[in-house]
Amino acid sequence: MKKLIIHMGAHRCASSATQALLRRNRGEIEAQGVALFLREDLAENAQKLAVNRLYEYRFWKPSSQMAVARTSATLATLDADTILISEENLMGIMPGHLGHEFYEKFDGFCRALSRLQKTVEVHPRLIVRRQDSFIESAYGFRVAFGLREDFQTFAARFTPREMSWARMTTAFERHGLAAHAKIGVLEAWPGEGKTEHLLGFLGLKNLNLQGGGLRSGNSRFGEAGLSLLLAMNRTGMGLDIAWRQNVLFPALREAEAPTPQLVQDLLGCGDDEISVLKAALGMPMRFGFTVEERRNLLSELEHENAKFLTHPLVGLSPEVWA
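What counts, and at which threshold
- Residues numbered from 1 in each chain as written.
- Predicted model: local features only at pLDDT ≥ 70, side-chain atom pairs only at ≥ 80, totals over all residues.
- Heavy atoms only, no water.
- Buried < 20%, exposed > 50% of the residue type's maximum accessible area, 1.4 Å probe, protein only.
- Helix = DSSP H or I, 4+ residues; strand = E, 2+ residues; numbered from the N terminus.
- Pairing = 2+ DSSP bridges.
- Lys, Arg positive; Asp, Glu negative; His and termini not counted.
- Salt bridge = Lys/Arg side-chain N within 4 Å of Asp/Glu carboxyl O.
- Polar contact = N/O pair within 3.5 Å; in protein donor to acceptor, adjacent residues only side chain to side chain.
- Contact = heavy atoms within 4.5 Å.
- Core = buried A, V, L, I, M, F, W, Y, C linked by side-chain atoms within 4.5 Å.
- Axes fitted to C-alpha atoms, helices over the stretch in contact; angles between N-to-C directions.
- Nonpolar A, V, L, I, M, F, W, Y, C, P; charged D, E, K, R; others polar.
- Phe/Tyr/Trp six-rings, centres within 6.5 Å; stacked < 30°, edge-to-face > 60°.
- Lys NZ or Arg CZ within 6 Å of the ring centre and 35° of its normal.

### Re the pairing of strand β2 (residues 34-37)
Argument step 1. The two faces of β2 match: Val-34 and Leu-36 on one face and Ala-35 and Phe-37 on the other face are all buried.
Argument step 2. Sheet analysis places β2 next to strand β3 (residues 82-86), joined by four bridges and oriented parallel. In the strand pairing of β3, Phe-37 is matched with Ile-85.

Spelled out as structure tokens, the structure:
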């Protein structure tokens, strides 16, 4: 039976860096007989390899049944015995992006994957991180792409019960996926040999990596950069995402200090607009939990995190997130 390795995320857990590594070494990976599908491939094959919305799976919906059927048929026609899919949006959209959900549709996604096991042997792969750093990283990412609300409002969307990663182990078990599943924890990655560790986790071996090893992905901006971005969001400046990705983000990373002057130079703004930006920068901002908030959150999650980390699919000590 064919093997389907499906790296599903999570967001802000080295997914972009993983896909960049796979993309740079695609030729060598495919030469080993592995069919590789990344985000751009899934978009092009949306009508055939219909995995992008499987998290919306409902067994009573004809559209869900058709998506699984099309995907099964496509996988069956591939010449490769091993198929690797890597795309962090497969398990649902990033928490805090459009609503209050924290991967609430993960169970439906696993149910859909279980239906694919008639055609392929499904090997789920999931990488997560401690919930406080996950929320902080997700917030920084959303600010970079236009979010205006403060950190406290963003973080308050999620309750500790929602943020239990143990739900994922339960879903894998419930839907018969646990036998071949693996869950990695970002904080447990080795200091040296991260590339080899990741490739082993994905089931890839003996690669020469002519395209290079693991590099940083969508790294988070520092507090000064995020402050400037949040002030821009609140004043409606430079909200075009393509411009941000192609012009603003590289400039922010290269600048010694992100300042309103940098924005003025890039956008050609007048002094009045920059004065408004400076005023917005003067408003109180923070981009993470206070010591007390972090302590309280982790205290509420202590039992669930210990259960998750010591689960056979993870196999770590609770001290990893102590």
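The structure having been displayed, the exposition proceeds.
### Quick notes on the side chain of Arg-12
Argument step 1. Examined against the element boundaries, Arg-12 turns out to sit in the loop between β1 (2-7) and α1 (15-24).
Argument step 2. An unpaired buried charge is present at Arg-12: no salt bridge exists, and Glu-88, the closest side chain of opposite charge, is 7.5 Å distant.
Argument step 3. A polar atom in the side chain of Arg-12 sits 2.9 Å from the side chain of Ser-137.
Argument step 4. Apart from the residues lying within four places of it in its own chain, the contact partners of Arg-12 are Met-94, Arg-129, Ser-137, Ala-138, Phe-141, Leu-186, Asn-218, Ser-219 and Arg-220.

### What to know about the pattern of salt bridges
Argument step 1. Under the counting rule described, the total for this entry stands at 14 salt bridges.
Argument step 2. Residues Arg-26 and Glu-30 are paired through a salt bridge, measuring 3.2 Å at the closest nitrogen-oxygen approach. In this pair, Arg-26 and Glu-30 both sit in helix α2 (residues 26-31), four residues apart, roughly one turn of the helix.
Argument step 3. For Glu-304, the salt bridge identified is with Lys-307, shortest N-O distance 3.3 Å. Within this pair, Glu-304 and its partner Lys-307 are both found in helix α14 (residues 291-309), separated by three residues, close to a single helical turn.
Argument step 4. In this structure, a network of salt bridges that share partners links the residues Arg-130, Asp-132, Glu-136 and Arg-294.

### A few points about the nonpolar core
Argument step 1. One finds Met-8, Phe-106, Phe-109, Ile-135, Trp-165 and Phe-308 to be the most contacted residues of the largest nonpolar core, which totals 104 residues.
Argument step 2. Residues contacting Ile-135, with those up to four places away along its chain left out, are Phe-102, Phe-151, Phe-154, Ala-155, Phe-158, Met-163 and Phe-289.

### Some details on the packing of helix α10 (residues 223-235) against helix α11 (residues 241-254)
In helix packing, the relevant descriptors are the interaxial angle and the interaxial distance, both defined with respect to the helix axes.
Argument step 1. Viewed as axis vectors pointing N to C, α10 and α11 meet at an angle of 140°, and their least axial separation amounts to 12 Å. Mapping the contact onto sequence places Leu-228, Leu-229, Met-232 and Asn-233 in α10 and Trp-243, Arg-244, Leu-248, Phe-249 and Leu-252 in α11.
Argument step 2. Here the contact of α10 with α11 is built from residues that sort into seven nonpolar, one polar and one charged.

### A word on the packing of aromatic side chains
Argument step 1. Tallied over the entire structure, the rule returns 19 aromatic pairs.
Argument step 2. Each ring, one from Tyr-139 and one from Phe-287, has its centre 6.0 Å from the other, and the planes form 35°; the classification is tilted. Residue Tyr-139 is located in helix α6 (residues 131-144), and its partner Phe-287 is located in the loop between α13 (271-281) and α14; the two are separated by 148 residues in the primary sequence.
Argument step 3. The rings of Phe-102, Tyr-103, Phe-134, Tyr-139, Phe-151, Phe-154, Phe-158, Trp-165, Phe-287 and Phe-289 are connected pair by pair, giving a single aromatic cluster.
Argument step 4. Taking NZ or CZ as reference, Arg-125 lies 5.9 Å from the ring centre of Phe-201, over its face.

### Observations regarding the pairing of β3
Argument step 1. The element β3 is largely enclosed, with a buried count of four among its five residues.
Argument step 2. Across five bridges, β1 lies against β3 in parallel orientation. Bridge pairing in β3 places His-7 opposite Ser-86.

### Some thoughts on the sheet that holds β2
Sheet strands line up and pair through hydrogen bonds in the backbone, either parallel or antiparallel.
Argument step 1. Spatially, β2-β3-β1-β4-β5 is the arrangement adopted by the five strands of the open sheet, whose pairing is parallel. In the strand order of this sheet, the two ends are held by β2 and β5 (182-185), each with one partner. Strand-to-strand twist in this sheet, taken as the mean axis angle between neighbours without regard to direction, amounts to 15°.
Argument step 2. Lying on the sheet, helix α9 (residues 194-202) is in contact with β1, β4 (120-128) and β5; it crosses β4 at an angle near 145°.

### Description of the environment of Phe-154
Argument step 1. Following the sequence through the fold, Phe-154 ends up in helix α7 (residues 151-155).
Argument step 2. Judged by relative accessible area, which is 0%, Phe-154 ranks as buried.
Argument step 3. Through-space distance from the C-alpha of Phe-154 to that of Ala-255 is 28 Å; in sequence the pair is 101 residues apart.
Argument step 4. Among all residues touching Phe-154, those that are not within four sequence positions of it are Pro-95, Gly-96, Ile-135, Ala-138, Tyr-139, Arg-142, Leu-147 and Glu-149.

### Observations regarding unusual backbone geometry
Argument step 1. That bond from Gly-9 to Ala-10 is cis: its omega, 10°, falls within 30 degrees of zero.
Argument step 2. Mapped onto the elements, Ala-10 comes out in the loop between β1 and α1.
Argument step 3. For Tyr-103, which is not glycine, the phi dihedral falls at a positive 55°.
Argument step 4. For Tyr-103, a relative accessible area of 2% corresponds to the buried category.
Argument step 5. Phi at Asn-206 is positive, roughly 60°, even though this residue is not glycine.
Argument step 6. Take Asn-206: it is sitting in the loop between α9 and α10.
Argument step 7. A relative accessible area of 71% means that Asn-206 is categorised as exposed.

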